[in-house]
Every structure is written in structure tokens, then in C-alpha cells.
Amino acid sequence: MAEINPHYQKLKMSYLFQEIEKRSESARLKNPDLLNFGIGDVTLPLAKPIVKAMCAAISELGETNTHRGYGPGGGYSFLREKIAQHDFSDQISPDEIFISNSAKSDSANIQELFHPNNIVALADPTYPVYIDSTVLAGRSKEVSENGTYEGVTYLPCTEENNFTPPLPSGAVDVIYLCSPNNPTGVALTKNALEKWVDYALKNKAIILFDAAYEAFITSNAPHSIYEIENANKVAIEFRSFSKKAGFTSLGCAYTVVPKDLHIPLHSLWKRRVSTKFNGVPYPIQRGAEATYSESGKEVLKCQIVQYQKQTKQLRDGLQKLGYTLFGGIDAPYIWCKAPSKMKSWEFFDYLLEHAGIICTPGSGFGPSGEGFVRFSAFASENTITQALKRLEALCALH
Ligand code: MLT
């Protein structure tokens, strides 16, 4: 008799962004003019040097002499070499880099490599994929009343600790860290990361470091965990072209699995990739390669500066209206405290109904996100200006 995976039944309601979409769709029936600050999705067009490289690659595939079939599952060396050189100053070897279609699926799939009894720790709040994939991997018990899953170690990130995940009091085996953190937008300092690497070395743990937003860092926070000494013995890093190069519609990312890790995860991941993945399409990898060309770098730098400008515009505007804010310095996410002790979903519904603004409820990222919402600053300057006007009008009404 076929039976469903019982771990799926432990998952809470729908995936966060599905629930937001559902509520927004129904609000749209009354007010079609909604302003979207919800899911973090890029709004600037794909940079021309990337488009050009992809078109050339597609043309190659249509010619007898240059067509290709399956590529290497872990990615073409032309891209892995560029990444090693540009993103890691050749401190990481190209064969420790695995090209994939998304950091989201890699950060979930990596759980396959660990012993079923391993204990997972994660920042709270953080990207919901980590907890969902921990539950699906059978590394949790049921969800408890306060919204946490038993068997998982939550690391509360609060105003009091500057949204920096504290070290666990007991031993854990696998630790998800996202820096700059989605949703708080706060990046871990070098000092904080050193403590985590030290912890992992002492406890023979593995850190799963998600650096999807590193390109937006403006402080002196590390862009990679490998800036910390000995991190190559205890850390896997996920990176993505999605936000830094506008690849959300294309799908290209990479995962670094060092050969020096204290358990042989490099060979296991390589094995997994060859069994389960046929690689990212050749034209997309050529597009990703173009992000490292001189013209590509130039356009992408302007795009990041534009997103940073928008983040500042939104942050300053919200601050002027009296909101209590965090983040928005090292990431295009602003973490906003809901006024009048409203709960996250209450404030979400309130903004949706009274201002036609879509944000993301903080509690969807973990119990410690309760009482907050996240604004994504990928929205255009014009959208931000309109939203600030609507919020100002809303303040005047109260
Ligand atoms: C977010 O809004 O948190 C992200 O865009 C979701 C994602 O990258 O999957």
C-alpha cells in the first residue's frame, strides 16, 4: 500500500509566499492597485551583456559544429573557474564549486547528506526553507503551540542581541546561518562568524552558510564564511545569481563544498549531483559567466547601487513616519516592528486592506519574527514613493 511521507503532514499551513499570494489575490478583487513589497524578487531587467552571452550560447546550440548535449552535472569549468577567481580570489578550487539552479533547493537538498539523527539549529527568524526541509527530512517532531518544531534548536534573533543568532547552549550538528539574514536584513560581523566557526570546530558540526545577499553588503561584514580562518573545515556556502544579477527567472546558483571538511561531504555531494541533476542549461551558465565580464560587472554594480538607493529611500521614509526599523543596510530587506503591539499577520492584513500594500509577515520566518513585518526594497522608486504617500495618509487618519 502506498503511503504518504508522514513528515509532510507535520508542515504548517501553506508555504509562506503562497499564503501571501492567496490573501493578496483576494484583496486585489477590491483594490487592483496593490503595491508589492512582499516576495524579494528583482525588478530591473536582465543586464545586456548577460542577454548577449545567452543569445550567443543559444545560437551555438543551433549549429552542427558547436551544439552540445548534457553538460557536467556540477557545472562547466568555464563558470566554476570564474567564480573561484572573482568571488574567492582563488582560495577555493573550481572543483569545490557546484553549479545549480537555485540556492533554495541546494540549501534544502543538502540535508540528504547528514545522519537522520543529526540535530539542526537555525536562526529564528530566517528563510523558511531551512525549517521546512528539516521537518521533511524527519529531523523534527511535531510543531508545538508556540510554533516551534520539537527536536530543532531555534536561535532567537531579537532587538536585544542585534538580531545575531546566539550560540546554542547544547551541542548541535548542523547549523543554518544566513548572512545578510533574510528577513532581518542584518549581516553577521566577522567577530560573530568567528565564534560560530569556533563552535563548529569544537563540536564537529557543519555550518550551512547562505550568502545569497552578500552583494548588497555595505558594512565591513564578511561576504563569505571562508574569510574566517578554518571555515573550510566546517562550512558549506550557498550563493546565487538570483538577486545579485537578476536571475530569478533563469535559475543559477552555486554551492561550495570544500574538500577539507571534517566529514567527506564533498564526495557525497558530487555523488548526489551526478545521480539527481543534469546540470544548469548551457546558455544560462554562459549568462552567469558574463556577470564576471568587465561590461557585466559594470552594469550589475549600477543595479546593486540602484537597489541600495531604493532601500534607503524606503528606510528613510518609513523612519520619518515613526516606524521602528532594523536591517536595510546590508540587504534590500527592512525589518519593521508592527505598531501598537499588532501581530505580524494583523499588521499585514491592515496594510493590505487600508493601504493596498503587500509586505511579508515576520512570524512566517519563525516565532521570534512575531510582531514584525518585512519590506522588500526591490520595488521601484515610484512604487516606494506611492507607498510612503499612502502610509502618510494612513497615519493622518489615526
Ligand atoms: C524572499 O522573498 O524571501 C525570497 O525572494 C524568496 C526566495 O528567494 O526564494
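Cut-offs and rules
- Residues numbered from 1 in each chain as written.
- Predicted model: local features only at pLDDT ≥ 70, side-chain atom pairs only at ≥ 80, totals over all residues.
- Heavy atoms only, no water.
- Helix = DSSP H or I, 4+ residues; strand = E, 2+ residues; numbered from the N terminus.
- Contact = heavy atoms within 4.5 Å.
- Pairing = 2+ DSSP bridges.
- Axes fitted to C-alpha atoms, helices over the stretch in contact; angles between N-to-C directions.
- Near = heavy atom within 4 Å.
- Polar contact = N/O pair within 3.5 Å; in protein donor to acceptor, adjacent residues only side chain to side chain.
- Areas by Shrake-Rupley, 256 points an atom, 1.4 Å probe, with all protein chains shown as cover.
- Nonpolar A, V, L, I, M, F, W, Y, C, P; charged D, E, K, R; others polar.
- Domains from an automatic or database assignment.
- Left-handed = near helix turned anticlockwise from the far one by under 90°.

(A) Here's a closer look at the environment of L122. With respect to the helices and strands, L122 occurs in strand 3 (residues 120–124). If we skip the residues at most four places from it in the chain, L122 touches Y130, I131, T134, V152, T153, Y154, L155 and Y176.

(B) Fine view of the sheet that holds strand 8 (residues 253–256). Strands sit in the order 2-8-7-6-5-3-4 across an open sheet of seven strands; the sheet is mixed. What marks the edges here is a single partner per strand, and that holds for strand 2 (97–100) and strand 4 (153–156). Going across the sheet, the axis of each strand differs from the next one's by a mean of 20°, ignoring polarity. Pairing of strand 5 (residues 174–178) with strand 6 (residues 206–210) involves five bridges; the strand directions are parallel. If you follow C178 over to strand 6, its bridge partner there is D210. Its contacts with the sheet place helix 3 (residues 77–88) against strand 2, strand 7 (235–240) and strand 8, and it is angled at close to 115° to strand 2.

(C) Looking closely at the site of the ligand. Around the ligand, the structure places F17, I39, G40, Y127, N182, Y213, K243, Y333 and R374. Residue Y127 places a side-chain N or O atom 2.5 Å away from an oxygen atom belonging to the ligand. Take N182: an N or O atom from its side chain is 2.8 Å from an oxygen atom of the ligand. For the ligand, the accessible surface in isolation is 270 Å², of which the surrounding protein chains cover 85%. Looking at the shell around the ligand residue by residue, the classes come out as five nonpolar, two polar and two charged. When residues of the shell around the ligand are assigned to domains, at least three fall in each of domain 1 (14–46 + 295–397) and domain 2 (50–293).

(D) Local environment of the packing of helix 2 (residues 48–61) against helix 9 (residues 282–290). At a minimum axis distance of 8 Å, the contact between helix 2 and helix 9 shows a crossing angle of 150°. For the element pair helix 2 and helix 9, the recorded crossing hand is right-handed. Here helix 2 contributes P49, I50, A53, M54, A57, I58, E60 and L61 to the contact with helix 9, which in turn contributes Y282, P283, I284, R286, G287 and A290. Looking at the contact of helix 2 with helix 9, its residues break down into 11 nonpolar, one polar and two charged.

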